[in-house]
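Working through the structure, step by step
Listed here are the chains, written in short residue letters.
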Amino acid sequence: MKIFDLYEMRSFPYEERDKNVFYHSKEFKARIINLSAGEKIPECEMASYVIFLVIQGEAIVTVNSKDSVIAAGKCLISEPALLSLKTKSGVKIMGIQINKIDQ
């Protein structure tokens, strides 16, 4: 068992996003995403399921060309899809990628 303080967790810019992974196993990985006002993450084809939990702020998440606004305390769960993320005012999110299990 591990306990993480998501409010205090440090994060790195998008270009160094691999440093934001704070837990990794073969089943899933969890990372912190921290974007300043006006920043965005470009479109990315995700082969895994994704969970975004907003810790602070608000973001617009685009999943397969459909926009949704998520704010602090909200959670978005997506099947594998084309995803992007942007914020007008800044946002801190925990992102979890869950690997598909081949049957």
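For the structure itself, consult the block above.
Computed from a prediction, not measured in an experiment: that's the story for all the values here.

Moving on to the side chain of Lys92. With respect to the helices, strands and loops of the structure, Lys92 is situated in strand 8 (residues 91–98). Put simply, Lys92 is tucked away with no salt bridge, and the nearest opposite charge, on Asp5, sits 7.0 Å away. Here Tyr7 takes part through its backbone oxygen, which lies 3.1 Å from a polar atom of the side chain of Lys92. Apart from the residues lying within four places of it in its own chain, the contact partners of Lys92 are Leu6, Tyr7, Glu8, Met9, Ile32, Ile33, Asn34, Leu53, Val54, Ile55 and Gln56.

Further remarks concern the environment of Ser84. The topology assignment puts Ser84 in strand 7 (residues 81–86). Remark: the alpha-carbon pair of Ser84 and Gln97, spanning 13 residues in sequence, is separated by 14 Å. Contacts of Ser84, omitting those with residues within four sequence positions, involve Ile41, Pro42, Glu43, Ile60, Val61 and Thr62.

Here the focus is the side chain of Arg31. With respect to the helices and strands, Arg31 occurs in strand 2 (residues 28–35). Summary of buried charges: Arg31 has no salt-bridge partner, and the nearest side chain of opposite charge, Asp18, is 4.3 Å away. Among the polar contacts made by the side chain of Arg31, one reaches the main-chain carbonyl oxygen of Arg17 at a distance of 2.9 Å.

Time to look at the pairing of strand 2. Of the strand pairs in this sheet, strand 1 (residues 21–24) and strand 2 are connected by three bridges, and their pairing is antiparallel. Its bridge partner lying in strand 2, Tyr23 is registered against Ala30. In this structure, the hairpin formed by strand 1 and strand 2 is closed by a connection of three residues. Note that strand 2 and strand 8 share eight bridges and pair antiparallel. Within the sheet, the bridge partner assigned to Lys29 lies in strand 8 and is Gln97.

On to the state of the cysteines. Two cysteines joined by a covalent bond between their sulfur atoms form a disulfide. This structure, assessed with the given rule, holds zero disulfides. Cysteine Cys75 shares no disulfide, and the gap to the nearest cysteine sulfur, in Cys44, comes to 19 Å. For Cys75, a relative accessible area of 45% corresponds to the partly exposed category.

Evaluated as defined, the whole model comprises one salt bridge. In this structure, Glu16 engages Lys19 in a salt bridge whose closest nitrogen and oxygen atoms are separated by 2.8 Å. Residue Glu16 is classed as partly exposed on the basis of its relative accessible area of 31%.

What counts, and where the lines are drawn
- Starting from 1, residues in each chain are numbered consecutively following that chain's sequence as written.
- Selection of residues for local features in this predicted model requires a pLDDT of at least 70, selection of side-chain atom pairs for listing and counting requires 80 or more, and totals for whole chains, interfaces and linings are taken over all residues.
- Only hydrogens and water are set aside; all other atoms, that is, all heavy atoms of the structure, feed into the side-chain values.
- Here a helix means four or more residues in a row that DSSP labels H or I, a strand means two or more in a row labelled E, and each is numbered from the N terminus.
- Relative accessibility thresholds used throughout: buried, under 20% of the residue-type maximum; exposed, over 50%; partly exposed, between the two (1.4 Å probe, protein chains only).
- For this count, His and the chain ends are skipped, Lys and Arg are scored as positive, and Asp and Glu as negative.
- By definition, a salt bridge exists where a carboxyl oxygen of Asp or Glu is found within 4 Å of a side-chain nitrogen of Lys or Arg.
- As used in this structure description, the phrase polar contact means that two N or O atoms lie within 3.5 Å; if the pair is within protein, one of them must be able to donate a hydrogen and the other to accept it, and residues adjacent in sequence are counted only when both atoms belong to side chains.
- Note on contacts: a residue pair is in contact if any heavy atoms of the two residues lie within 4.5 Å.
- Only strands joined by at least two bridges in the DSSP assignment are considered to pair.
- Here, the term disulfide refers to a pair of cysteine sulfur atoms separated by no more than 2.5 Å.

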